[in-house]
Amino acid sequence: MKRTYFLVAIASLQIILGSITLIGAAQPVRTAENVVVLSGSYFVYDFGILGTGRLSGNLTVLNGQQSFDLFVFDDAGYASFRDGSNTVAPLFKQSGTSIMFSTNLTGSGQYHVVAVDVPQRRVFQIQVDLVVVGLKTGETIVALIVLVGGLALVGATLMLSVWSWRRARSAPAPAPAPDPASDPLPDPPLDPLPDPLPELQEAAQDPPDDNTRIY
């Protein structure tokens, strides 16, 4: 019984921790910073989600009226952008000196936000404010592992309890002690043993016969 209580306590703790981790994984993530993009380079922000999500943000140039291009890629589009082929279209694209946007993310995977001066790739400074809504990949996987482990432990505990209960039912019950009042054929009382003292006394009164005559 103590083992069952211990397993139930461990399983409950795992389920609680997994639920808390899953709730934390679903919280929006906000990134706000000022970024200097060097000449010939670009700014990139990478993140991953499980399931659908949403990305919104506000990017503004801080050093004058220089325009830049904003892209949102999946893995295939980002690989195409990096190798210069640009054969895969971005999920979102917009140009300007101040860009406010919001776009849906249709499925699980890695996503990449890119800010770049195309085609000159000049140096510029931008203020970045991004918000990602969706299940974060790493935390969600950890939460699911903990939750599944807790639920599996609950199932194992229930199986152990059922097995113990069935084993207790199948064990033979101890035989009850006989009740003298319910015995239909009681044993007859024993006769008292004869008293040997009278015979011994008679033997002591008779004189020994040693064939002695008295005249």
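It should be noted that the structure appears before, not after, this text.
What counts and what doesn't
- Residues numbered from 1 in each chain as written.
- Predicted model: local features only at pLDDT ≥ 70, side-chain atom pairs only at ≥ 80, totals over all residues.
- Heavy atoms only, no water.
- Helix = DSSP H or I, 4+ residues; strand = E, 2+ residues; numbered from the N terminus.
- Buried < 20%, exposed > 50% of the residue type's maximum accessible area, 1.4 Å probe, protein only.
- Patch = residues over 30% accessible without salt bridge, like charges linked within 9 Å, V, L, I, M, F, W, Y side chains within 5 Å.
- Areas by Shrake-Rupley, 256 points an atom, 1.4 Å probe, with all protein chains shown as cover.
- Salt bridge = Lys/Arg side-chain N within 4 Å of Asp/Glu carboxyl O.
- 1 Å grid on protein atoms, 1.4 Å probe; cavity = no way out; pocket = protein on both sides within 12 Å on 5 of 7 lines; lining within 4 Å.
- Points joined across faces, edges and corners; volume = space filled by probe spheres on them.
- Nonpolar A, V, L, I, M, F, W, Y, C, P; charged D, E, K, R; others polar.

Colleague: In this structure, what is going on with unusual backbone geometry? I would like to understand it.
Modeller: Trans peptide bonds make up the majority, and among non-glycine residues the majority have a negative phi. For the bond from Val118 to Pro119, the omega torsion is 0°, close enough to zero to count as cis. If you check the backbone angles, Asn86 has positive phi at about 55° while not being a glycine. Residue position: Asn86 is located in the loop between α2 (75-82) and β4 (92-96). Although it is not a glycine, Arg121 adopts a positive phi angle of roughly 55°. When you line up the elements, Arg121 lands in the loop between β6 (109-116) and β7 (124-136). For Arg121, a relative accessible area of 26% puts it in the partly exposed group.

Colleague: Mind showing me how you'd approach a nonpolar patch on the surface here?
Modeller: Among the surface-exposed residues, Val36, Leu38 and Val123 lie close enough to one another that they form a single nonpolar patch of about 270 Å² accessible area. Checked against the element boundaries, Val36 lands in strand β1 (residues 29-37).

Colleague: In this structure, what is going on with the layout of surface pockets? I would like to understand it.
Modeller: The rolling of a water-molecule-sized probe over the atoms marks out the regions of remaining empty space. Of the voids in this model, the largest pocket is the one considered here, and its volume is about 160 Å³. Taken together, 13 residues line the largest pocket, and the ones lying closest to its centre are Phe71, Phe73, Phe81, Asn86 and Val118. For the lining of the largest pocket, the secondary-structure elements that each account for two or more residues are β3 (68-74) and α2. Looking at which element gives the most residues to the lining of the largest pocket, the answer is α2, with 3 residues. Taken together, the residues of the lining of the largest pocket break down into 8 nonpolar, 3 polar and 2 charged.

This is a description of form; function is not addressed.
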